[in-house]
Amino acid sequence: MSIFWNIYIKSIAIFVSILTIIIFTILLLSFFQDKNNKYSTMYGDESSSNIIAVYELNGLIIETSRELANFIDPFIISPFNTNKNLENLKEISPKVIIFSINSPGGTVSASKKIKDIIKNYKKDNKNKIIFIHTNELLASGGYWVATAADGIYASYGSI
């Protein structure tokens, strides 16, 4: 029986060690991210007033807390981050916003909140045009979100 407990304790120790390394790596990466450089010019003149913002949304659409959303941002689409990023876009005042979505969908409440966020943004900024684009997958809640836009575009072969 002591051999069992010895192996069990070693297994738990290895698991905790791996988990600690993963958490430390995530914290380290989030600490060194460049938070001040939110935007970059891809093409054209930086002083132009004709700005098109492309906002990428990749992953599952789910509700998360603010703290959790910052750590798993590349893997989920949350209403909190979507609203925060739309508010940040006011700094550059784009004429067109293109949401590039790659999502299999998500929860009903989070999908509805994101759709409402986009609709309210359009209502508050009547001169802005919003398009949805997908290269891969725009299904379920992702398509529901897309119905808030002025137009939906899909690349050949996307679902």
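Residues numbered from 1 in each chain as written. Predicted model: local features only at pLDDT ≥ 70, side-chain atom pairs only at ≥ 80, totals over all residues. Heavy atoms only, no water.

Looking at the side chain of Lys115
(1) Moving on: One can find Lys115 in helix 4 (residues 108–124).
(2) Moving on: An unpaired buried charge is present at Lys115: no salt bridge exists, and Asp116, the closest side chain of opposite charge, is 6.1 Å distant.
(3) Moving on: Among residues more than four places away in sequence, those in contact with Lys115 are Trp144, Val145, Thr147 and Ala148. (Helix = DSSP H or I, 4+ residues; strand = E, 2+ residues; numbered from the N terminus. Buried < 20%, exposed > 50% of the residue type's maximum accessible area, 1.4 Å probe, protein only. Lys, Arg positive; Asp, Glu negative; His and termini not counted. Salt bridge = Lys/Arg side-chain N within 4 Å of Asp/Glu carboxyl O. Contact = heavy atoms within 4.5 Å.)

Structural notes on the environment of Lys128
(1) Moving on: Its place among the elements puts Lys128 in the loop between helix 4 and strand 5 (129–134).
(2) Moving on: With relative accessibility at 11%, the residue Lys128 sits in the buried group.
(3) Moving on: Expressed as a C-alpha distance, the spacing of Lys128 and Asp150, which sit 22 residues apart in the sequence, is 9.7 Å.
(4) Moving on: Those residues within four positions of Lys128 in sequence are excluded, and the remaining contacts are Ser93, Pro94, Lys95, Tyr121 and Asp150.

So, the pairing of strand 4 (residues 96–102)
(1) Moving on: Counted residue by residue, strand 4 has five buried out of seven residues, so it is predominantly covered.
(2) Moving on: In the sheet, strand 1 (residues 52–58) pairs with strand 4 via seven bridges, with the strands oriented parallel. Looking at strand 4, one finds that Asn58 is bridged to Asn102.
(3) Moving on: Here five bridges tie strand 4 to strand 5, and the two strands are oriented parallel to one another. Bridge pairing in strand 5 links Ile97 to Ile130.
(4) Moving on: What joins strand 4 to strand 5 is helix 4, and the crossover it makes is right-handed. (Pairing = 2+ DSSP bridges. Right-handed = clockwise from strand over helix to strand, strands pointing away.)

Quick notes on the packing of helix 3 (residues 79–89) against helix 4
(1) Moving on: Orientation of helix 3 relative to helix 4, taken along the N-to-C sense of each, is 15 degrees, at an axis distance of 9 Å. Taken together, helix 3 and helix 4 sit at an angle that is classed as roughly parallel. Here helix 3 and helix 4 pass one another in a crossing that is right-handed. On the side of helix 3, the interface is formed by Pro79, Thr82, Asn83, Leu86 and Leu89, while helix 4 contributes Ala110, Lys113, Ile114, Ile117 and Tyr121.
(2) Moving on: Taken together, the residues of the contact of helix 3 with helix 4 break down into seven nonpolar, two polar and one charged. (Axes fitted to C-alpha atoms, helices over the stretch in contact; angles between N-to-C directions. Parallel < 35°, antiparallel > 145°, perpendicular 65-115°, else oblique. Left-handed = near helix turned anticlockwise from the far one by under 90°. Nonpolar A, V, L, I, M, F, W, Y, C, P; charged D, E, K, R; others polar.)

So, helix 4
(1) Moving on: The terminal C-alpha atoms of helix 4, which comprises 17 residues, lie 24 Å apart, in line with the 24 Å expected from a rise of 1.5 Å per residue.
(2) Moving on: Where helix 4 starts, the residue carrying a side-chain oxygen 3.3 Å from the main-chain nitrogen of Ala110 turns out to be Thr107. (Expected span 1.5 Å × (residues − 1). Polar contact = N/O pair within 3.5 Å; in protein donor to acceptor, adjacent residues only side chain to side chain.)

Structural notes on the sheet that holds strand 5
(1) Moving on: Here we have four strands laid out as an open sheet, ordered 1-4-5-6, and parallel in their pairing. Of all strands in the sheet, those with a lone pairing partner are strand 1 and strand 6 (151–154), marking the two edges. Between one strand axis and the next, the sheet turns through 20 degrees on average, direction left out of account.
(2) Moving on: Sheet strands touched by helix 3: strand 1 and strand 4. Its angle to strand 1, the strand with the most contacts, is close to 170 degrees.

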